[in-house]
Amino acid sequence: MSEIRAILPLLLRLPSSLSDEEMSLVRKVYEKLGRVAVDEVLKKEKQTRPFASEILALCDCDREYWKGVHDEYVQRNTNIIEILQSVFKSFHDKGGRTLNVYENFGAVLSSGLTVGNFASGDVDFTVEDSETQLAIDVIHENGFYEETRIDHVKPANCLVTPFFNPHMLGGNGYWLNIMWKPVARDFMLKQKKYNERLSSLRRSELDTYKNTDIKLLPPTAMVYFNALHFACEHHYSASPGMALCCDMDRVIRTRKIDWDELVRWSKEDNAGLRLRLALEICHYFLKTDVPLDKFGEPSRVYKKMWNRIVDEEHNYLISQDGKLARLTTELLSDDMSMAKSLFNRLWRK
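Computed from a predicted structure; not experimentally measured.

1. Notes on the overall build of the protein
Broken down by element type, the protein carries 16 helices and nine strands. The principal-axis extents of the C-alpha atoms in the protein amount to approximately 55 × 50 × 40 Å. Relative to its 349 residues, the protein shows a buried fraction of 55%. Considering only contacts within the protein whose residues lie at least 6 apart along the sequence, 69% involve residues at least 24 apart. As presented, the protein carries roughly 16,100 Å² of accessible surface, and 50% of it is formed by carbon and sulfur atoms. Once the 48 positive and 51 negative side-chain charges of the protein are each reduced to a mean point, those two points are 5 Å apart.

2. Concerning empty space enclosed by the protein
Inspection of the entire model under this criterion finds one cavity of 30 Å³ or more. In this structure, the largest cavity spans a volume of roughly 70 Å³. Lining the largest cavity are Phe-51, Ala-107, Val-108, Ser-111, Leu-113, Thr-114, Asn-117, Cys-246, Asp-247 and Arg-250. Among the secondary structure elements, those contributing two or more residues to the lining of the largest cavity are helix H6 (103-111) and helix H11 (245-254). Across the lining of the largest cavity, the residue classes tally to five nonpolar, three polar and two charged.

3. Some words on helix H9 (residues 192-204)
Given 3.6 residues per turn, any residue in an α-helix points the same way as the ones three and four places further on. Compared with the 18 Å implied by 1.5 Å per residue over 13 residues, the 19 Å span of H9 between its first and last C-alpha is a close match. Listed as buried for H9 are Tyr-194, Arg-197, Leu-198, Ser-199, Leu-201 and Arg-202. Buried residues along H9 sit against strand S1 (100-102), strand S2 (122-126), helix H10 (219-233), helix H12 (259-268) and helix H13 (272-286).

4. Brief notes about the pattern of salt bridges
Taken as a whole, this structure holds 23 salt bridges when the rule is applied. Here Arg-13 makes a salt bridge to Glu-22, at a shortest N to O gap of 3.0 Å. For Glu-22, a relative accessible area of 19% puts it in the buried group. One salt-bridge network, held together by shared partners, links Arg-197, Glu-261, Arg-264, Glu-268 and Asp-269.

5. Looking at the side chain of Thr-126
Its location among the elements puts Thr-126 in strand S2. Only 2.8 Å separates the side chain of Thr-126 from the side chain of Asn-100, close enough to count as a polar contact. A polar contact is formed between the side chain of Thr-126 and the side chain of Arg-202, at a distance of 3.2 Å.

6. Describing the pairing of strand S5 (residues 174-179)
Put simply, side chains in a regular strand alternate between the two faces of the sheet. In terms of residue burial, S5 counts as a mostly covered element, since six of its six residues are buried. Here S5 shows no split at all, with Tyr-174, Leu-176 and Ile-178 on one side and Trp-175, Asn-177 and Met-179 on the other all buried. Pairing of strand S4 (residues 160-165) with S5 involves six bridges; the strand directions are antiparallel. If you follow Thr-161 over to S5, its bridge partner there is Ile-178.

7. Remarks on unusual backbone geometry
Cis geometry is found at the peptide bond from Ser-239 to Pro-240, where omega equals 5 degrees. Within the secondary structure, Pro-240 is located in the loop between H10 and H11. For Tyr-236, which is not glycine, the phi torsion reads 70 degrees and is therefore positive. Among the structural elements, Tyr-236 can be located in the loop between H10 and H11.

8. Considerations on the environment of Asp-207
The residue Asp-207 is located in strand S6 (residues 207-208) in this model. Residues Asp-207 and Ala-339, 132 residues apart in the sequence, show an inter-C-alpha distance of 41 Å. Apart from residues no more than four positions distant in its own chain, Asp-207 is found in contact with Ile-214, Lys-215, Leu-216, Leu-217, Pro-218, Pro-219 and Arg-255. Looking at Asp-207, its side chain comes within polar contact range of the side chain of Arg-255, at 2.8 Å.

9. As for the pairing of S4
Within S4, six of the six residues are buried, which leaves the element mostly enclosed by the surrounding structure. Every second residue of S4 is oriented toward a common face, with Val-160, Pro-162 and Phe-164 on one face and Thr-161, Phe-163 and Asn-165 on the other, all of them buried. The pairing of strand S3 (residues 145-146) with S4 spans two bridges and is classified as antiparallel. If you follow Glu-146 over to S4, its bridge partner there is Phe-163.

10. Observations concerning the packing of helix H4 (residues 49-58) against helix H5 (residues 63-93)
As a packed pair, H4 and H5 sit with axes 8 Å apart at the nearest point and diverge in direction by 145 degrees. The element H4 and its partner H5 pack so that their crossing is left-handed. Contact with H4, carried on its side by Arg-49, Pro-50, Ser-53, Glu-54, Leu-56, Ala-57 and Leu-58, involves Arg-63, Tyr-65, Trp-66, Lys-67, Val-69, His-70 and Tyr-73 of H5 and no other residues of that element. Residue classes in the contact of H4 with H5 are distributed as eight nonpolar, two polar and four charged.

Basis of the calculations
- Note on numbering: residues in each chain are counted from 1, in written sequence order.
- Per-residue local features of the predicted model are confined to residues with pLDDT of at least 70, and side-chain atom pairs are confined, for both listing and counting, to 80 or more; whole-chain, interface and lining totals are unaffected and use all residues.
- Excluding hydrogens and water, the side-chain values take into account all heavy atoms of the structure.
- Helix and strand definitions follow DSSP, with helices as H or I runs of at least four residues and strands as E runs of at least two, each counted in order from the N terminus.
- Partly exposed describes any residue whose relative accessible area lies between the buried limit of under 20% and the exposed limit of over 50%, with all areas from a 1.4 Å probe on protein chains only and scaled to the type maximum.
- Two residues qualify as a contact provided that any one of their heavy atoms is within 4.5 Å of a heavy atom in the partner residue.
- The protein chains shown are the only cover counted for residues, whose accessible areas, like all others here, come from Shrake-Rupley with a 1.4 Å probe.
- Charge assignment: positive for Lys and Arg, negative for Asp and Glu; neither His nor the chain ends contribute.
- All charge positions are set by atom: Lys at NZ, Arg at CZ, Asp at CG, Glu at CD.
- The distinction between a cavity and a pocket rests on a 1 Å grid over the protein atoms alone: a 1.4 Å probe fits inside a cavity but cannot get out, while a pocket stays open yet meets protein on both sides within 12 Å along at least five of seven lines, and a residue with an atom within 4 Å of a point counts as lining.
- Grid points are joined across faces, edges and corners, and a volume is the space filled by probe spheres set on the points.
- When residues are grouped by polarity, Ala, Val, Leu, Ile, Met, Phe, Trp, Tyr, Cys and Pro land in nonpolar, Asp, Glu, Lys and Arg in charged, and all others, Gly among them, in polar.
- Helix span, as expected, comes to 1.5 Å for every residue beyond the first.
- A carboxyl oxygen of Asp or Glu within 4 Å of a side-chain nitrogen of Lys or Arg is what we treat as a salt bridge.
- Polar contacts here mean pairs of N or O atoms no more than 3.5 Å apart (in protein, one a potential hydrogen donor and the other a potential acceptor; neighbouring residues in sequence count only if both atoms are side-chain atoms).
- For two strands to be treated as a pair, DSSP must find at least two bridges joining them.
- Lines fitted to C-alpha atoms define the axes, with helix axes restricted to the stretch in contact, and inter-axis angles between N-to-C directions lie between 0 and 180 degrees.
- When the near helix sits turned anticlockwise from the far one by under a right angle, the crossing is termed left-handed; a clockwise turn instead gives a right-handed crossing.

Given below as structure tokens:
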């Protein structure tokens, strides 16, 4: 596992961004471990596997095998797109406007790159409160019904409602989720400003995926909310860890991002450290082109957070395990002392 960790950032990179030297390093580690050992690790790190399959094929590491793996993800996710198209067409035919694909798959579609880079067992939606019942109705019409998940950490009902259709994807089943808040976490996290931002975007400007009825957040918003997802829900490092950086990286590389608007949003929503740190982690590991200077000089707390999250010696993210570690990370993300952050949350509105 340590050898795979050493090249993990390379396995998550956009293939065209790798140098000859970096590809040589991937081949060296792969040849040392062998296909069986590498794939055993990647099957456990399932969100990484689709990205790695592209890189390993490019590096001529059992090219045909890994190309076949990636093609399987492409076919699977093409079927998911067909499911989404049916849901969105019904929603729009009935007059709906604000339903959109959110988080990971939203970023995959927004990038316009291969749809194979997605392995999740669910797709997330958000929708305006006024169109919630319509969204639920069309999800039901497509054979998805409310069900409790046993293969997944169960979030609070006020955050996410999951819907399952056991017949999808060749009988393997699939989940669609409606998210009621921008981030699927409620402990010690104020989301009022994030929610107002998301609601405004849903009502005023949504993208369309190619020649479909599927709606997405516009690219600047896609980067913003995926950064918050990475920072707030996953504490910059929780599973699937670094793979979540790809949700920002691919959109930044392929779409026009309004960086001045991102800076403005981060200030207005008090998300400055969270957004900058999430983007700098992408820049550090995946070489994402991010104008970090626009976000100002990092504070003392920011530098402390960087050392808490990023293991530069081993080129890896430090997992924030346990409630105390995650609480500490959350409080410091307010870019102030833990005591002041805790005071603000407990005694101020």
